[in-house]
Amino acid sequence: MPHASRSTSLPELTTLFGEVQQHFLNVIVPLWQGPGWNADMALPYEALDAAHQPLPPQRYRAMACARQLYLFSSLIGVVDNAEVRAAALFRSLQRHFHDAEHGGWFYSIDPQGKPLDQRKDLYTHAFILFACAHYWDKSREPLVESTLNAALEVIGRRFATGDGLYEACLDRDWITLETGPLQNPLMHLAEAFLATLAVREDPRTQQALSELCTAMHKRFIEPQQGVLMEKPLGAVDNWFEPGHQFEWYFLLESSPLLRGSKLHAALDRAFAFTEQQGVEAGTGAVLAMLDPQGHGKDSTQRIWAQAEYLRALTLRPGSESAVLRQLQALQQRFLHAGGWNECRDAQGEVSRKDMPSTTPYHLATCYRGIADYLS
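The rules behind each value
- Residues numbered from 1 in each chain as written.
- Predicted model: local features only at pLDDT ≥ 70, side-chain atom pairs only at ≥ 80, totals over all residues.
- Heavy atoms only, no water.
- Salt bridge = Lys/Arg side-chain N within 4 Å of Asp/Glu carboxyl O.
- Helix = DSSP H or I, 4+ residues; strand = E, 2+ residues; numbered from the N terminus.
- Buried < 20%, exposed > 50% of the residue type's maximum accessible area, 1.4 Å probe, protein only.
- Expected span 1.5 Å × (residues − 1).
- Pairing = 2+ DSSP bridges.
- Phe/Tyr/Trp six-rings, centres within 6.5 Å; stacked < 30°, edge-to-face > 60°.
- Lys NZ or Arg CZ within 6 Å of the ring centre and 35° of its normal.

A. Structural view of the pattern of salt bridges. All chains considered together, the criterion is met by 16 salt bridges. Linking Asp 99 and Lys 120 is a salt bridge whose minimum nitrogen-to-oxygen distance equals 2.9 Å. In this pair, Asp 99 sits in the loop between helix H4 (82-97) and strand S5 (108-109) while Lys 120 sits in strand S6 (residues 120-121), placing the two residues 21 residues apart along the sequence. As far as burial versus exposure is concerned, Asp 99 and Lys 120 are alike and both buried. Between Arg 352 and Asp 354 there is a salt bridge whose closest N-O contact spans 2.8 Å. Residue class for Asp 354 comes out buried when judged on its relative accessible area of 15%.

Laid out in structure tokens, this is it:
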């Protein structure tokens, strides 16, 4: 029997997803084509207020530019002029943030375009690699691939600590700041490695990814509950974030290369515990931070964590009703006619009304996961 797509067996989910996708294309994306775009700088503003006005710029971050480069790369062939915007963002990444003297990319520039925070952080470099992989897949421009190669080279040469892990942040001239490895940049590096491997054969990157996941399992998995901590084991005041647990789970479960690894097995086992302790039963709200035993440390509900939980559920067996329930929760609690609610507090009240330029990346990857689920 041929495989019947879930879209035929799940009409309610398919209809709801159609509404949410239209909201994304008709409400959210136009915010960043219009009021969220600083045409003089050829950069997205950091955030828009509820009235769709840019918040007064304090800075522009390379990471935000890279996330929007991913967004518009993913929309090439879907949204008018997406390729024009992607090309402008790629040029801006190089023009504004590349460090011609020391290599790599600055963290941020000031509103006039001068370097502001000149440190080199792994989180930023991971997103540059991630965005370039997606953009190169669409454009096949040699300059884009050479930037992708430069990002891989600088990550491997400057950030790598020789044990499979990477420093979170270095000074402008690559002198150590003694930050050590941190979970979040390492997760986005794994995501960027996967994006690279999705667009080309790359044995060195494949090996780096495998070694990274082995080291993550050794240094970050809390032995009692099997959850992935934000700082290495033994660090003071450690915690875990359900949103990141779900994000890692999706990356590992969706990769034939990583499925079956020790890290994947640990997060697969910890999934139920993370849901039980980190997701409110009534509302489906994902809590921000828990201590290693699963007690709440921060009950803020963030849209990105909702999106990551929803995406992870698409890879869980027998999850049809849960996917529908969480998509309803996302639509009803976080999306609105003018855009989205970034955060709700522990009582469920909207606690942050501005809309950051970095959030559409999470929605785009989540919706991609649902589309794959329904196909």
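B. Main features of helix H5 (residues 122-139). Under the 1.5 Å per step criterion, the end-to-end length of H5 is 25 Å for 18 residues, consistent within 8% with the ideal 26 Å. Buried residues dominate H5, accounting for 14 of its 18 residues. Of the residues flanking the end of H5, it is Arg 140, one or two places downstream, whose phi is positive at about 55°.

C. Highlighting the sheet that holds strand S13 (residues 350-352). If you walk across this open sheet you meet the four strands as S8-S9-S12-S13, and the pairing is antiparallel. Looking at which strands have only one partner, the edges of the open sheet turn out to be strand S8 (287-290) and S13. Two strands pair when backbone bridges link them, and S8 and strand S9 (residues 296-302) are joined in this way by three bridges, in the antiparallel orientation. Paired with Leu 290 across the strands is Gly 296, a residue of S9.

D. Molecular detail of the pairing of S9. Pairing geometry for S9 and strand S12 (residues 343-344), over two bridges, is antiparallel. Note on S12: the bridge partner recorded for Gln 301 is Arg 344.

E. Main features of the packing of aromatic side chains. Inspection of every chain in the model, using the stated rule, returns 16 aromatic pairs. Measuring from centroid to centroid gives 6.4 Å for Tyr 45 and Tyr 60, while their planes differ by 40°, and the two rings are tilted. Of the two residues, Tyr 45 sits in the loop between strand S2 (43-44) and strand S3 (47-48) while Tyr 60 sits in strand S4 (residues 60-61), which places them 15 residues apart along the sequence. For Tyr 45, a relative accessible area of 18% puts it in the buried group. For Tyr 60, a relative accessible area of 2% puts it in the buried group. Counting every residue linked through ring pairs, the aromatic cluster contains Tyr 70, Tyr 123, Phe 127, Phe 130 and Tyr 361. Against the face of Trp 174 rests Lys 120, its NZ or CZ located 4.5 Å from the ring centre. Above the ring of Trp 136, the side-chain terminus of Arg 140 is found at 3.9 Å from the ring centroid.

Read these as layout, nothing more, since geometry by itself doesn't imply function.
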